[in-house]
Amino acid sequence: MSKGKLVVISGASGVGKGTVLGIMMNKRKDLKFSVSATTRAPRPGEREGVDYTYVSKECFLGMIERDEFLEYDSHMSNFYGTPTKQLEEIMAQGIAILDVEPKGAFQVRAKRPDATLIFVAPPSLEELERRLRSRGDTSEEQIRIRMERAAWEMEQSKHYDYIVTNDQVETCADKILKIIAEKAD
Ligand code: 5GP
């Protein structure tokens, strides 16, 4: 196993992880995003095979049975998983970036101790709630569920190799790129 080829990034909904990942991938072309399989429906603007591979529950359960996932978990009533074969393919081309929640991250670590686990934290839970509200498209009930989930995820952050606070997206992306460079280059 070569060190630094597998980077797992977690962070609560609303923390700005997608934007940070976008900046990182633009700056470093050998970063390859691991496209997860999910049973959730695509959101507006999301693309099949780019953001996720969208599959039915039956299909996902079949993949579990055939042991096709490095890790998988259910989250908000949907399944999400990292297909092993595809991950191996992208690791042959560069550094794999996995965007998975904490339970998945710990499954990856158990199977691949060479993985680097990075947690993207909001400046505070209050700030995260403010960001979730400012989106304007999230119901009070959804905000409550996401904040509970975020508090649990923050609690898990102590088990990560690194915690990077997203005060400002460019700075956060650069900090993560520095960690990756130290491991891989
Ligand atoms: P969303 O539905 O907002 O895209 O993602 C919800 C959560 O699922 C996020 O915390 C994201 O990191 C996580 N997630 C995405 N893909 C995977 C995966 O393959 N495995 C696991 N365990 N979690 C994932």
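Notes on the structure in this doc start here. In this text, all values refer to a predicted model and were calculated from it rather than measured experimentally. (Residues numbered from 1 in each chain as written. Predicted model: local features only at pLDDT ≥ 70, side-chain atom pairs only at ≥ 80, totals over all residues. Heavy atoms only, no water.)

### A look at the sheet that holds strand 8 (residues 116–121)
- As summarised here, the arrangement of the five strands in space is 2-7-1-8-9, forming an open sheet in which the pairing is parallel. This sheet does not close on itself; its edge strands, each paired only once, are strand 2 (31–33) and strand 9 (162–165). Each adjacent strand pair in this sheet contributes to an overall mean axis angle of 30°, direction not counted.
- Bridge count for strand 1 (residues 6–10) against strand 8 is four bridges, and the pairing is parallel. Looking at strand 8, one finds that Ile9 is bridged to Ile118. (Pairing = 2+ DSSP bridges. Helix = DSSP H or I, 4+ residues; strand = E, 2+ residues; numbered from the N terminus. Axes fitted to C-alpha atoms, helices over the stretch in contact; angles between N-to-C directions.)

### Regarding unusual backbone geometry
- The backbone of Asp67 sits at a positive phi, close to 60°, despite the residue not being glycine.
- The residue Asp67 is located in the loop between helix 2 (57–65) and strand 5 (69–75) in this model.
- In this structure Asp67 comes out as exposed when scored by relative accessible area, which is 60%.
- Positive phi, close to 70°, is recorded for Ser77, a residue that is not glycine.
- With respect to the helices, strands and loops of the structure, Ser77 is situated in the loop between strand 5 and strand 6 (78–83). (Buried < 20%, exposed > 50% of the residue type's maximum accessible area, 1.4 Å probe, protein only.)

Nothing here speaks to function; it is geometry throughout.
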